[in-house]
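# Results of the structural survey
Each chain is listed here by its residues.
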Amino acid sequence: NAPFAEQTIVHGGRQAMPFQYNNADSPYYSEAVRTWTAAQDWTANGADAFKMFFYGAAANVAGPLYIGVEDSAGKKLLVTNPDANAVVATSWQEWTIPFSTFTDAGVNVTKVKKVYIGVGSRTSPTAGGAGLVLIDDISRGTSGQ
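Along each chain, the written sequence defines residue order, and numbers are assigned to residues from 1. Local features are withheld for residues below a pLDDT of 70 in this predicted model, meaning they are given only at 70 or higher, and side-chain atom pairs are given and counted only at 80 or more; totals for whole chains, interfaces and linings count all residues. The side-chain quantities take in all heavy atoms of the structure and omit both hydrogens and water.

### A word on the overall build of the chain
For the chain, the count of helices and strands is 1 helix and 8 strands. Helices and strands appear in the chain in the N-to-C order β-β-β-β-β-β-α-β-β. Taken over C-alpha atoms, the radius of gyration comes to 15 Å for the chain, in line with the 15 Å a tight globule of 145 residues would show. To sort residues, take the accessible area from a 1.4 Å probe on protein chains only and compare it with the maximum for the residue type: under 20% means buried, over 50% means exposed, and anything in between is partly exposed. Looking at the 145 residues of the chain, the share that counts as buried comes to 36%. Whether two residues touch is decided by their heavy atoms; if any such pair falls within 4.5 Å, the residues are in contact. Intrachain contacts of the chain at a sequence separation of at least 6 include 81% that bridge at least 24 residues. Within the chain, the 12 negative side-chain charges are centred at a point lying 9 Å from the centre of the 10 positive side-chain charges. Strands here are runs of E lasting at least two residues and helices are runs of H or I lasting at least four, both read from the DSSP assignment and numbered beginning at the N terminus. Only the C-alpha atoms count toward the radius of gyration. The rule for a globule is 2.2 Å times the residue count to the power 0.38. When charges are counted, neither His nor the chain ends are considered; positive counts come from Lys and Arg and negative counts from Asp and Glu. Charged side chains are reduced to one point each, which is NZ for Lys, CZ for Arg, CG for Asp and CD for Glu.

Take a look at the structure:
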């Protein structure tokens, strides 16, 4: 039902993105994708990191939380959160990924076309569980702030 966004449990602003996942059926991972028509230069204004806040639920079934970045040439890297239980965190968690993580893998962060947020494994998909993760304050900034 409208307004489609979480308006009670938020990290910043007035709403967060609810991300519902159900990995019981093929393809055994769930993801949201943002595609830009024109490539984005994420390094503008001195940015050197991708940042995101997430909030899980104790009732969630644990599964790997990941971020993916794809450039205009189709080069992509998926980065999995180091906490295997990230989606069951019951408080806001900040996740910062230095751009060097992507550039070291050949992804051009001055020409970003897509960003992926998901739960499960795209590379080794296996049946998993379900749950809800709130996503908020997706940004690019500096890894020191």
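### Re the nonpolar core
In terms of nonpolar packing, the biggest core is built from 26 residues, with Trp42, Phe50, Met52, Phe54, Leu65, Ile67 and Trp95 touching the most fellow members. Counting residues per element, the ones that place at least two in this core are strand E1 (17–22), strand E3 (49–55), strand E4 (65–71), strand E6 (93–98), helix H1 (99–103), strand E7 (112–120) and strand E8 (130–141). Ranked by residue count, the leading element in this core is E7, at 4 residues. Beyond its immediate sequence surroundings of up to four residues, Met52 is in contact with Leu65, Ile67, Gln93, Glu94, Trp95, Ile117, Ile135, Asp136, Asp137 and Ile138. By nonpolar core we mean a set of buried residues, namely Ala, Val, Leu, Ile, Met, Phe, Trp, Tyr and Cys, connected to one another through side-chain atoms within 4.5 Å.

### Quick look at the packing of aromatic side chains
Pairing of aromatic rings covers Phe, Tyr and Trp, the last counted by its six-membered ring, and requires centre-to-centre distances within 6.5 Å; plane angles under 30 degrees mean stacked, over 60 mean edge-to-face, and any other angle means tilted. If you walk through the whole model with that rule in mind, you get 4 aromatic pairs. Where Trp42 meets Phe50, the ring centres are 5.6 Å apart and the plane angle is 25°; that geometry is what we call stacked. The exposure class assigned to Trp42 is buried, which follows from its relative accessible area of 7%. For Phe50, a relative accessible area of 3% translates into the label buried. With centroids separated by 6.0 Å and ring planes inclined at 35°, the aromatic side chains of Trp42 and Phe99 adopt a geometry described as tilted. Here the residue Trp42 occupies a position in the loop between strand E2 (29–40) and E3, and Phe99 occupies one in helix H1, the gap between them amounting to 57 residues. Taken together, the ring pairs connect Trp36, Trp42, Phe50 and Phe99 into an aromatic cluster.

### Side note on the environment of Ala62
As for its placement among the helices and strands, Ala62 is situated in the loop between E3 and E4. By relative accessible area, which is 40% here, Ala62 ends up partly exposed. Contact partners of Ala62, with chain neighbours within four places excluded, come to Ala84, Asn85, Val87 and Val88.

### Let's talk about the pattern of salt bridges
Just to be clear on terms, a salt bridge is a Lys or Arg side-chain nitrogen sitting within 4 Å of an Asp or Glu carboxyl oxygen. For the structure shown, the criterion picks out 1 salt bridge. Notably, a salt bridge pairs Glu31 with Arg122, separated by 2.9 Å at the nearest N-O pair. Linking Glu31 in strand E2 with Arg122 in the loop between E7 and E8, this pair joins segments that are 91 residues apart in sequence. By relative accessible area, which is 25% here, Glu31 ends up partly exposed. Residue Arg122 is classed as partly exposed on the basis of its relative accessible area of 26%.

Read these as geometric descriptors, not functional statements.
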